[in-house]
Amino acid sequence: MIMRIFQVVVRPGKESEFSDFFHNTAIPLMKGTDGIVSVLPGAPRVDSPREFSFVMVWKDLQSLKAFVGEDYQSPHIDPAEAELVESRTIKHYDLVSD
């Protein structure tokens, strides 16, 4: 399984607008995606008020590529959120089970 960690820093003043997108569009979309085993969305904290994240566990690399395409190592964003986002990062790991 592949663990994908996606982090976003929102532009100043766009926190509320991005939060609405995150909760009402992004989370439901990811939870309903084929090949996703688990979705752990992370909302901002007081010490990081503009940072949002997703930790996703994908069944396999083929499932991930089916969703984002061959360039799975680039942090893709929905066009609806592009103007709200200052920066984004993506990391991938092999999931280690007990």
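Each remark here, short or long, concerns the structure printed above.
Note that the structure is predicted; figures quoted are calculated from it, not measured.

Regarding the overall build of the protein chain
Moving on, step 1. When helices and strands are counted, the protein chain shows 2 helices and 4 strands.
Moving on, step 2. Beginning at the N terminus, the succession of helices and strands in the protein chain can be written as β-α-β-β-α-β.
Moving on, step 3. For the protein chain, whose C-alpha radius of gyration is 13 Å, the value lies close to the compact-globule estimate of 13 Å for 98 residues.
Moving on, step 4. Dimensions of the protein chain, computed from the C-alpha atoms along their principal axes, are close to 40 × 30 × 20 Å.
Moving on, step 5. For the protein chain, with 98 residues in total, the buried portion stands at 32%.
Moving on, step 6. For the protein chain, contacts bridging at least 24 residues in sequence account for 69% of all contacts bridging at least 6.

What to know about the nonpolar core
Moving on, step 1. In terms of nonpolar packing, the biggest core is built from 22 residues, with Phe 18, Met 30, Phe 54, Met 56 and Trp 58 touching the most fellow members.
Moving on, step 2. Every element with two or more residues in this core is listed here: strand E1 (2-10), helix H1 (15-31), strand E2 (36-42), strand E3 (51-58), helix H2 (61-68) and strand E4 (85-94).
Moving on, step 3. In terms of residues, this core owes the most to one element, H1, which gives 6 residues.

Details of H1
Moving on, step 1. At Phe 22, H1 shows its maximal bend, which comes to roughly 40 degrees.
Moving on, step 2. On its buried face, H1 is in contact with E1, E2, E3, H2 and E4.

Observations concerning the environment of Tyr 93
Moving on, step 1. Tracing the chain through its elements places Tyr 93 in strand E4.
Moving on, step 2. Separated by 11 residues in sequence, Tyr 93 and Ala 82 have C-alpha atoms that sit 25 Å apart.
Moving on, step 3. If we ignore the near neighbours within four places in the chain, the residues touching Tyr 93 are Met 1, Ile 2, Met 3 and Ile 5.

So, the pairing of E3
Remember that side chains alternate between the two faces of the sheet whenever the strand is regular.
Moving on, step 1. By the bridge criterion, 8 bridges tie E1 to E3 in an arrangement that is antiparallel. Bridge assignment links Ile 5 to a residue of E3, and that residue is Val 55.
Moving on, step 2. Alignment of E2 against E3, held across 6 bridges, turns out to be antiparallel. Along E3, the bridge assignment pairs Ile 36 with Trp 58.

Description of a nonpolar patch on the surface
Moving on, step 1. A contiguous nonpolar surface patch, about 260 Å² in accessible area, is contributed by Met 1, Val 37 and Leu 95.
Moving on, step 2. Turning to its location among the elements, Val 37 is positioned in strand E2.

Digging into H2
Moving on, step 1. Those residues of H2 that sit buried are Ser 63, Leu 64 and Val 68. For H2, the buried positions fall inside an angular range of 115 degrees around the axis, keeping them on one side. Turned more than 90 degrees away from the buried face of H2 sit Gln 62 and Ala 66, all of them exposed.
Moving on, step 2. Along its buried surface, H2 packs onto E1, E3 and E4.
Moving on, step 3. Trailing H2 by a residue or two, Gly 69 shows a phi angle of about 100 degrees, which is positive.

Cut-off values and rules
- Residues numbered from 1 in each chain as written.
- Predicted model: local features only at pLDDT ≥ 70, side-chain atom pairs only at ≥ 80, totals over all residues.
- Heavy atoms only, no water.
- Helix = DSSP H or I, 4+ residues; strand = E, 2+ residues; numbered from the N terminus.
- Rg over C-alpha atoms; globule rule 2.2 N^0.38 Å.
- Buried < 20%, exposed > 50% of the residue type's maximum accessible area, 1.4 Å probe, protein only.
- Contact = heavy atoms within 4.5 Å.
- Core = buried A, V, L, I, M, F, W, Y, C linked by side-chain atoms within 4.5 Å.
- Bend = angle between axes of the 7 residues up to and from the residue.
- Pairing = 2+ DSSP bridges.
- Patch = residues over 30% accessible without salt bridge, like charges linked within 9 Å, V, L, I, M, F, W, Y side chains within 5 Å.
- Areas by Shrake-Rupley, 256 points an atom, 1.4 Å probe, with all protein chains shown as cover.
- Salt bridge = Lys/Arg side-chain N within 4 Å of Asp/Glu carboxyl O.
- Arc of directions from axis to C-beta.

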